There are 4 protein chains.
Amino acid sequence: MRFILLIDTKDEKGLIYKISKVLFEHNVNITNEQEFVDNQNNKFFYRSEISGEDIDIDTLQRELQNTLPLANIKITIKRTKNIIILATKEAHALGDILIKHYSKDLDINIQCVIANRDNLQALVEKFDIPFYYIDADNIDRVEHENKMLQVIAKYNPDFIVLAKFMRILTPNFVEKFPNKIINIHHSFLPAFIGANPYKQAYQRGVKIIGATAHFVNNDLDDGPIIEQDIVRVNHEMSWEEMRNKGRDVEKIVLNRAIKLAIEDRIFVYENKTVIL
Amino acid sequence: MRFILLIDTKDEKGLIYKISKVLFEHNVNITNEQEFVDNQNNKFFYRSEISGEDIDIDTLQRELQNTLPLANIKITIKRTKNIIILATKEAHALGDILIKHYSKDLDINIQCVIANRDNLQALVEKFDIPFYYIDADNIDRVEHENKMLQVIAKYNPDFIVLAKFMRILTPNFVEKFPNKIINIHHSFLPAFIGANPYKQAYQRGVKIIGATAHFVNNDLDDGPIIEQDIVRVNHEMSWEEMRNKGRDVEKIVLNRAIKLAIEDRIFVYENKTVIL
Amino acid sequence: MRFILLIDTKDEKGLIYKISKVLFEHNVNITNEQEFVDNQNNKFFYRSEISGEDIDIDTLQRELQNTLPLANIKITIKRTKNIIILATKEAHALGDILIKHYSKDLDINIQCVIANRDNLQALVEKFDIPFYYIDADNIDRVEHENKMLQVIAKYNPDFIVLAKFMRILTPNFVEKFPNKIINIHHSFLPAFIGANPYKQAYQRGVKIIGATAHFVNNDLDDGPIIEQDIVRVNHEMSWEEMRNKGRDVEKIVLNRAIKLAIEDRIFVYENKTVIL
Amino acid sequence: MRFILLIDTKDEKGLIYKISKVLFEHNVNITNEQEFVDNQNNKFFYRSEISGEDIDIDTLQRELQNTLPLANIKITIKRTKNIIILATKEAHALGDILIKHYSKDLDINIQCVIANRDNLQALVEKFDIPFYYIDADNIDRVEHENKMLQVIAKYNPDFIVLAKFMRILTPNFVEKFPNKIINIHHSFLPAFIGANPYKQAYQRGVKIIGATAHFVNNDLDDGPIIEQDIVRVNHEMSWEEMRNKGRDVEKIVLNRAIKLAIEDRIFVYENKTVIL
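Residues numbered from 1 in each chain as written. Chains lettered and ligands numbered in written order. Predicted model: local features only at pLDDT ≥ 70, side-chain atom pairs only at ≥ 80, totals over all residues. Heavy atoms only, no water.

**Q** Which residues make up the interface of chain C and chain A, and what values do they have?
**A** Counting residues at the interface gives 35 residues for chain C, matched by 35 residues for chain A. Here chain C packs against chain A, burying approximately 2900 Å² in sum over the two surfaces, 54% of which is carbon and sulfur. There are six salt bridges connecting chain C and chain A. Between Asp229 of chain C and Arg232 of chain A there is a salt bridge, and its shortest N-O distance comes to 3.8 Å. The tally of links between chain C and chain A comes to 18 residue pairs in polar contact (both at pLDDT 80 or more). Among the elements of the structure, strand S2 (29-38), helix H7 (197-204), strand S11 (225-232) and strand S13 (272-275) of chain C are those that each provide at least two residues to the side of chain C that touches chain A. Ranked by residue count, the leading element in the side of chain C that touches chain A is S11 of chain C, at seven residues. Classifying every residue of the side of chain C that touches chain A gives 15 nonpolar, nine polar and 11 charged. (Contact = heavy atoms within 4.5 Å. Buried area = accessible area lost by both parts, 1.4 Å probe. Salt bridge = Lys/Arg side-chain N within 4 Å of Asp/Glu carboxyl O. Polar contact = N/O pair within 3.5 Å; in protein donor to acceptor, adjacent residues only side chain to side chain. Helix = DSSP H or I, 4+ residues; strand = E, 2+ residues; numbered from the N terminus. Nonpolar A, V, L, I, M, F, W, Y, C, P; charged D, E, K, R; others polar.)

Printed below as a string of C-alpha cells:
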C-alpha cells in the first residue's frame with residue numbers, strides 16, 4: 001500500500017535528518033519527497049510518498065510525533081478522492097471535469113453534482129452521476145445551504161469543487177470545510193474581485209485576462225490561491241468574447257487545482273499555498 | 001441575412017477603394033472588415049461580414065468580379081458549419097468538442113464521429129451523435145479510407161476534424177478535401193514530427209511542450225499551421241505526465257482552429273495561413 | 001516621403017469608401033492600412049501609412065475633412081520620435097532603452113534623461129545622453145515638477161517615458177502631456193495599484209506576476225493600458241526574487257509600449273486603447 | 001562562509017538519511033535543500049546550500065564520500081562566478097548582460113568579451129570591460145579558436161557565454177569546457193536547428209517563435225537544454241519583425257540560464273538537464 005506523509009512545523013536544524021532516520025528505521029520506500037523551508041517565516045513543509053511491506057502506520061506516526069513533538073504530521077493512504085461539484089448553469093468547467101473523469105484523465109470519484117439551476121441535469125445524467133437540483137429562489141441563504149449540506153452529509157466528500165457556482169457561501173457553510181472547497185474565479189485575482197469580472201476587465205481595457213483557483217474562506221474571492229493562468233485579449237473583443245476565451249482558461253486552471261488537491265500537494269499557510 | 005465576403009488577389013493600388021465602392025453602391029452594411037497586404041509577395045487578402053435588405057448576391061459577386069477580374073472572390077451565407085470528426089481512442093479532444101457543441105460554446109453541427117477503435121462509441125452516443133466504428137485492422141489503407149469516404153459522402157461536411165485520429169491519410173483521401181481537414185498534432189511543429197512526440201520531447205529534455213493545429217495536405221504534419229500554443233514542463237515529469245499536461249493544450253488549440261475555420265477567417269497561401 | 005494618416009470618428013456606412021476614394025484620387029500608395037469599428041460604441045478608428053510623389057498634405061487633409069466633417073483627422077510625417085526619459089534609481093528599464101537605442105533596435109531619439117537620484121548618471125553618460133539630476137528632497141512637489149518642466153520645455157519631446165520613475169505626477173504636470181506620458185507599472189493592473197506591488201503580490205500569494213504599460217492621466221495607475229505581460233512565480237520566491245524576475249517583464253512591456261507609441265498605433269478612447 | 005553541496009548517484013534506499021546524518025553530525029546549517037529522484041533511470045540528484053562556523057570541508061567531503069562511495073560529490077564555496085562572453089555583432093544579448101552586470105542584477109564578474117567583429121567594442125568598453133577583437137576571416141577555424149583559447153587561458157572563467165556568437169565551435173574547443181559553454185539559440189529547439197531560424201520560422205508559417213539556452217556539446221544545437229521561452233507571432237510579421245520580437249526572448253532566456261548556471265543549479269544527465 002502507498003501512503004502520503006505530510007509534515008509542517010517550525011523550522012529547526014536537523015529536521016530532514018530526524019524524519020529520514022525514522023523512515024529509514026521503518027524500512028519504507030520513499031517514491032518521492034519534497035520539502036520547502038520558508039526562511040523568512042521559519043516554517044518547514046514536507047511531503048513524501050512512501051510504501052513498503054508491513055508498514056505499521058500507527059507506530060510510524062507515533063515515532064515521528066515523538067521525534068518532532070511540535071509538528072503537524074499526517075499519514076494517509078493514497079487513494080482516489082471523493083468530490084462533490086457545485087454548479088449553477090455554465091457547462092464548460094463542469095463538462096471538462098466530467099470528460100476527464102469519464103476518460104480517467106483525472107483520478108477522482110464524482111459523488112454527485114448539486115446545482116441551483118436545472119439546465120445541467122441532462123448533461124450530468126448522461127454520465128450516470130447523481131444530480132441534485134436545489135433551487136435558491138424564494139428561500140433564504142441559510143435554508144438553501146442547509147439543503148445542500150444535507151446532500152453533502154450523505155456523501156462525506158474529500159473536496160467540494162465550485163465549478164462556476166455563482167452564489168456566495170456563508171461563513172457557516174465555509175467553516176465546515178476548511179481548505180476543502182475549491183473555487184474557480186473568472187479573473188486574475190486580486191484584480192476584478194466580485195461580480196462580472198469579464199465586464200470589469202472589458203471596461204478597464206486590459207490586454208490580458210485570467211482565472212484563479214483558490215480555496216474558499218470567509219472573505220469573498222480572498223482565499224489562498226492555488227493556481228492561476230492567463231490569455232491575451234485585445235480591443236477587438238467584446239466582453240462576451242473575452243468570457244468565451246476565458247472559459248478555456250477557467251476550466252484548465254480549475255482542473256490543475258483539483259489535481260494538486262487530490263494528490264495532497266497543497267499546504268495552506270498565512271492565507272497562501274505552498275505546493276509540493 | 002448575413003454574408004461573408006472573401007477576396008484574395010495580387011496587390012495593386014486602389015483595391016480597397018474599388019471594393020468599397022461596389023459595396024457602397026449596393027448599400028450593404030459592413031459589420032466588420034479586415035484586410036492584409038503581404039508586401040513581400042505582393043498579395044492582398046480581404047474579409048468582411050456584410051448584411052442588408054435585399055442584397056442580390058449574384059449581382060454583387062458579378063460586379064466585384066468585373067471590378068477585380070483577377071481576384072478570387074467568394075460570398076457565402078453566414079451559417080452554422082457541418083463537421084465530421086475522425087478519432088481513434090483518446091477522449092480529451094473529442095470530449096471537449098462534444099461539450100462545447102452541447103453547451104453551444106462552439107457554433108457547429110457535428111454530423112457524425114468516425115473512429116477506428118470502438119471505445120469512444122459510448123461517449124459519443126451520450127450526446128446523440130451518430131458514431132461509425134470503421135476498424136482499420138486486417139484491411140489495407142485504401143479500403144479503410146474508402147469505407148470512411150462512403151460515410152463522409154452521405155453528410156458532405158464543411159470541415160473534417162481529426163481529434164487525435166492516429167492514422168496517416170493517403171494523398172488520395174486528402175486531396176478530396178483541400179484546406180478542409182483540420183488536424184491537431186501533439187507537438188510544437190516543426191519540432192517532433194511523426195510518432196510519439198511526447199516521448200521525443202521527453203528524451204530531448206525540452207522545457208516547453210506544445211500543440212499545433214494545421215490543415216492536412218499530402219505531407220505528414222507539414223500542412224499550413226492555423227494555431228499553436230505551449231505549456232511549460234520540467235525534469236520532474238515523465239513523458240506520460242507531459243502527455244497529460246499537453247492534452248489540455250491540444251484540445252484548446254484544436255478548438256481555436258475550428259473556431260477560425262468555421263468563421264471563414266483562414267486564407268491559405270504558400271503553405272501558410274493568413275488569419276483575418 | 002512617408003506619412004501616417006489617423007482618423008477616428010462616429011461610425012457610419014461607407015467610411016472606408018469615402019476615405020479610400022479621396023486617397024485614390026490623390027494617387028497615394030498605401031503601404032498598410034488598419035481599421036477597427038467598435039460596434040458597441042459606434043466608433044470608427046483608421047490608420048494607414050501612405051506615400052507618393054508630390055503628395056500635397058494640406059489639400060489631402062482638407063479634402064478628407066470635407067468628406068468626413070465630424071472626424072478627427074491627423075496626417076503626420078513618419079519620422080524618428082523624440083523621447084525624454086524620467087527615472088529614479090533602477091537601471092533595468094532605462095538600461096534596456098539605452099541599449100536598444102544604441103543598437104538601433106528602437107527607432108527613437110533620446111533627448112535626455114531626468115532623474116531624482118544621481119546614481120544613474122554614470123550609466124546615462126556612457127551613452128552620451130544629457131542627464132539632469134533634479135533632486136526632489138526638501139522641495140515641494142510643484143517646485144520639483146517645475147524644474148523638470150523647464151528642462152522638458154527645452155526639448156519639446158514627442159513622448160515622456162517613465163522608466164521606473166518612482167514619484168506621482170500632479171494633475172498640473174500630467175495635463176500638459178495628454179496621452180504622451182508612458183509609464184511602466186510593476187504589476188498586472190488593476191491588481192496591486194500603488195506602492196510596492198511585488199510585496200503586495202508576495203503577501204497575497206499569487207502564482208503569476210505582471211507588468212503594465214499605460215498612459216498617465218490624473219488618477220494613479222489608472223490610465224489607458226497599452227500593453228501587459230506576465231511571468232509565473234511560486235511559493236519558493238521571496239518578494240525580492242519576484243521583483244528581480246518581474247524586472248525583465250517590466251522592461252519588455254515598456255519597450256513594446258514605446259514601439260506602439262512611436263509608430264502612432266495607439267488611439268485612446270474612454271480610457272482604453274485601440275491599437276492598430 | 002557558504003558552500004554549495006552537489007551530489008548525484010544511483011538511487012537507493014536511505015540516501016537522504018545518510019546525507020542528512022553526516023550534515024547533522026557536522027552541525028551545519030542547511031539554508032535550502034533540493035533533491036530529485038529519476039525513478040525511471042534510478043538516479044538521485046541533490047543540491048543544498050550549507051553554512052556554519054568552522055566547517056571542515058575536507059573532512060565533510062571525505063565522510064560523505066565514505067558514506068556514499070559511488071556518488072559524485074562536490075562541495076564548493078558560494079562565490080561570484082567569472083564569465084567570458086563570446087559575441088559577433090548583435091548587441092541585444094550582450095547589452096542585457098552588461099546592464100545586469102552593471103546594475104548588479106546578475107551576480108557575475110565579466111572578465112572579458114571576445115568577438116569576431118569589432119562593432120561591439122565601443123559598447124563593451126563603455127563598461128570598462130576588456131574587449132578582444134579576434135577576426136575569423138582569412139584564417140582557418142582551428143587558428144581562430146586557438147587565438148580565442150589563448151585569451152580564455154589568461155582568465156580561466158567558470159562559464160563561457162555565447163551571446164549570439166554566430167560561429168560553430170569545433171569539438172576540440174568544446175571538449176575543453178564540458179557543461180561550461182552556454183549558448184542562446186534563436187529558435188525553439190529542436191525546431192529550426194542551424195542557420196537563420198527566424199527565416200525558417202517565417203517560411204514555415206509558425207504562430208509562435210522561441211529561444212533556447214543550452215550547453216554546447218559536439219553536435220550543433222543539440223546540447224542539454226537549460227531554458228526555453230516563446231512569444232506569439234502572426235502572418236503580419238516579416239521575418240525581420242519576428243527577429244526583433246524574438247531578440248527580447250533570446251536575452252531573457254539566456255539571462256535565466258546564466259542565473260541557473262552561476263548558482264550551481266544544473267545537473268547534466270543523458271544530454272538533459274535536471275535543475276534544482
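**Q** For empty space enclosed by the protein, give the residues involved together with the corresponding values.
**A** All names here are of chain B. This structure, assessed with the given rule, holds four cavities of 30 Å³ or more. Its volume calculated, the largest cavity comes out at about 60 Å³. Ser187, Phe188, Phe192, Ile209 and Gly210 are, among the 13 residues lining the largest cavity, the residues nearest its centre. Where the lining of the largest cavity is concerned, the elements lending two or more residues are helix H7 (197-204) and strand S10 (208-215). Partitioned by chemical class, the residues of the lining of the largest cavity number 10 nonpolar, three polar and no charged. (1 Å grid on protein atoms, 1.4 Å probe; cavity = no way out; pocket = protein on both sides within 12 Å on 5 of 7 lines; lining within 4 Å. Points joined across faces, edges and corners; volume = space filled by probe spheres on them.)

**Q** Account for the sheet that holds strand S6 (residues 108-115) of chain C, with residues named and values stated.
**A** Residues and elements named next belong to chain C. Taken together, the seven strands give an open sheet; going across it, the order is S7-S6-S5-S8-S9-S10-S11, and neighbouring strands pair in mixed fashion. Lying at the two open borders of the sheet, with one neighbouring strand each, are strand S7 (131-133) and S11. Within this sheet the neighbouring strands show an average axis-to-axis angle of 20 degrees, counted without direction. Where S6 lies against S7, three bridges are found, and the strand directions are parallel. Residue pairing in the sheet places Ile114 in a bridge with Tyr132 of S7. (Pairing = 2+ DSSP bridges. Axes fitted to C-alpha atoms, helices over the stretch in contact; angles between N-to-C directions.)

**Q** Can you lay out helix H5 (residues 141-155) of chain A for me, pointing to particular residues and giving the numbers?
**A** All names here are of chain A. Here H5 is 15 residues long and its end C-alpha atoms lie 22 Å apart, about the 21 Å a rise of 1.5 Å per residue gives. Those residues of H5 that sit buried are His144, Glu145, Met148, Leu149, Val151 and Ile152. For H5, the buried positions fall inside an angular range of 165 degrees around the axis, keeping them on one side. For H5, the exposed residues set more than 90 degrees away from the buried face come down to Gln150, Ala153 and Lys154. (Expected span 1.5 Å × (residues − 1). Buried < 20%, exposed > 50% of the residue type's maximum accessible area, 1.4 Å probe, protein only. Arc of directions from axis to C-beta.)

**Q** Before we move on, could you go through the pattern of salt bridges and cite the residues and values that matter?
**A** One pass over the structure, following the stated rule, counts 96 salt bridges over all chains. Where Arg265 of chain C meets Glu49 of chain C, a salt bridge forms, and the shortest distance between an N and an O atom there is 3.9 Å. Residue Arg265 of chain C is located in the loop between helix H8 (239-262) and strand S12 (266-269), and its partner Glu49 of chain C is located in strand S3 (residues 43-51); the two are separated by 216 residues in the primary sequence. When its relative accessible area of 4% is taken as the criterion, Glu49 of chain C is described as buried. A salt bridge links Lys251 of chain C to Asp96 of chain D; the shortest N-O distance between them is 2.4 Å. Of this pair, Lys251 of chain C sits in helix H8 while Asp96 of chain D sits in helix H3 (residues 92-102), placing the two residues on different chains.

**Q** Could you give an account of helix H8 (residues 239-262) of chain D, naming the residues involved and the relevant values?
**A** Residues and elements named next belong to chain D. Its 24 residues place the ends of H8 33 Å apart at the C-alpha level, agreeing with the 34 Å of an ideal helix rising 1.5 Å per residue. In the structure, H8 departs most strongly from a straight axis at Gly246, where the bend amounts to approximately 30 degrees. When you tally the buried positions in H8, you get 18 out of 24 residues, the bulk of the element. The positive-phi residue at the C-terminal boundary of H8 is Asp264, with phi of around 55 degrees. (Bend = angle between axes of the 7 residues up to and from the residue.)

**Q** Summarise the relation of the copies chain D and chain A; cite the residues concerned and give the values.
**A** With an axial shift of 0.0 Å and an RMSD of 0.0 Å, the rotation relating chain D to chain A amounts to 180 degrees. Expressed as an axis order, the relation between the two copies is that of a two-fold axis. Residues of chain D ranked by C-alpha distance from the rotation axis are headed by Tyr17 of chain D, positioned 2.9 Å from it. (Least-squares fit on C-alpha atoms with pLDDT ≥ 70 in both.)

**Q** Please give an account of the sheet that holds strand S2 (residues 29-38) of chain D that cites residues and values.
**A** All names here are of chain D. One open sheet accounts for four strands, arranged S2-S3-S1-S4; its pairing is antiparallel. Both edges of this open sheet fall to S2 and strand S4 (72-77), since each of them pairs with a single strand only. Across the sheet, the mean angle separating the axes of adjacent strands is 10 degrees when strand polarity is ignored. The pairing of strand S1 (residues 2-10) with strand S3 (residues 43-51) spans nine bridges and is classified as antiparallel. Note on S3: the bridge partner recorded for Arg2 is Ser51. In this fold helix H2 (residues 57-67) packs onto S1, S3 and S4, with an angle of close to 165 degrees to the strand it touches most, S4.

**Q** So what's going on with the environment of Cys112 of chain C? Residues and values would help.
**A** Residue and element names in this part refer to chain C. Looking at the element boundaries, Cys112 is found in strand S6. We classify Cys112 as buried; its relative accessible area is 0%. Considered as a pair, Cys112 and Val151 are 39 residues apart in the sequence and their alpha carbons are 9.0 Å apart. Not counting the four nearest positions on each side in its chain, Cys112 is found in contact with Ile83, Ile84, Ile85, Ile129, Pro130, Tyr132, Val151 and Tyr155.

**Q** Any details on the interface of chain D and chain A? Residues and values, ideally.
**A** At the interface, 14 residues of chain D touch 14 residues of chain A. When the two sides are added together, the surface that chain D and chain A hide from each other amounts to roughly 1500 Å², 56% of it contributed by carbon and sulfur. Three residues, Lys13, Tyr17 and Phe24 of chain D, lead the burial of chain D against chain A; their summed loss comes to 40% of the area buried on that side. For the interface between chain D and chain A, the tally reads zero salt bridges.

**Q** Hey, could you go over the relation of the copies chain C and chain A for me, with residue numbers and the actual values?
**A** Mapping chain C onto chain A calls for a rotation angle of 180 degrees and an axial translation of 0.0 Å; the resulting RMSD is 0.0 Å. Here 100% of the contact residues of chain C are again contact residues in chain A; the copies associate through an equivalent surface.

**Q** Describe in detail the domain arrangement of chain A, supporting the description with residues and values.
**A** Residue and element names in this part refer to chain A. As far as domains go, chain A holds domain 1 (2-77) and domain 2 (81-275). Each of domain 1 and domain 2 has a C-alpha centre, and these two points are 32 Å apart. Domain 1 puts 14 residues into the contact, and the matching count from domain 2 is seven residues. Seen at the junction of domain 1 and domain 2, the total is one salt bridge. The set of elements that each furnish at least two residues to the side of domain 1 that touches domain 2 consists of strand S1 (2-10), strand S2 (29-38) and strand S3 (43-51). By residue class, the composition of the side of domain 1 that touches domain 2 is six nonpolar, three polar and five charged. (Domains from an automatic or database assignment.)

**Q** So what's going on with the packing of helix H1 (residues 15-25) of chain D against H2 of chain D? Which residues, and what values?
**A** Residue and element names in this part refer to chain D. With their axes 10 Å apart at the nearest point, H1 and H2 run at an angle of 155 degrees to one another. Judged on the interaxial angle alone, H2 and H1 are roughly antiparallel. For the element pair H1 and H2, the recorded crossing hand is right-handed. Taking contact as the criterion, the partners of Lys18, Ile19, Val22 and Leu23 in H1 are, on H2, Leu60, Glu63, Leu64 and Thr67. (Parallel < 35°, antiparallel > 145°, perpendicular 65-115°, else oblique. Left-handed = near helix turned anticlockwise from the far one by under 90°.)

**Q** Outline the packing of aromatic side chains, listing residues and values.
**A** Applying the stated criterion across every chain yields a total of 38 aromatic pairs over all chains. On the numbers, 5.4 Å between centres and 65 degrees between planes, the contact of Phe45 of chain C with Phe267 of chain C is edge-to-face. Of the two residues, Phe45 of chain C sits in strand S3 while Phe267 of chain C sits in strand S12, which places them 222 residues apart along the sequence. Of the two residues examined, Phe45 of chain C and Phe267 of chain C, each falls in the buried class. Ring centres of Phe127 of chain C and Phe127 of chain D lie 6.1 Å apart, and the angle between their planes is 65 degrees; this geometry places the pair in the edge-to-face category. (Phe/Tyr/Trp six-rings, centres within 6.5 Å; stacked < 30°, edge-to-face > 60°.)

**Q** Can you lay out the environment of Glu12 of chain C for me, pointing to particular residues and giving the numbers?
**A** Residue and element names in this part refer to chain C. By the secondary structure assignment, Glu12 is in the loop between strand S1 (2-10) and helix H1 (15-25). Residue class for Glu12 comes out partly exposed when judged on its relative accessible area of 41%. Sequence spacing of Glu12 and Leu220 is 208 residues, and the spatial spacing of their C-alpha atoms is 36 Å. A polar atom in the side chain of Glu12 sits 3.1 Å from the side chain of Lys18.

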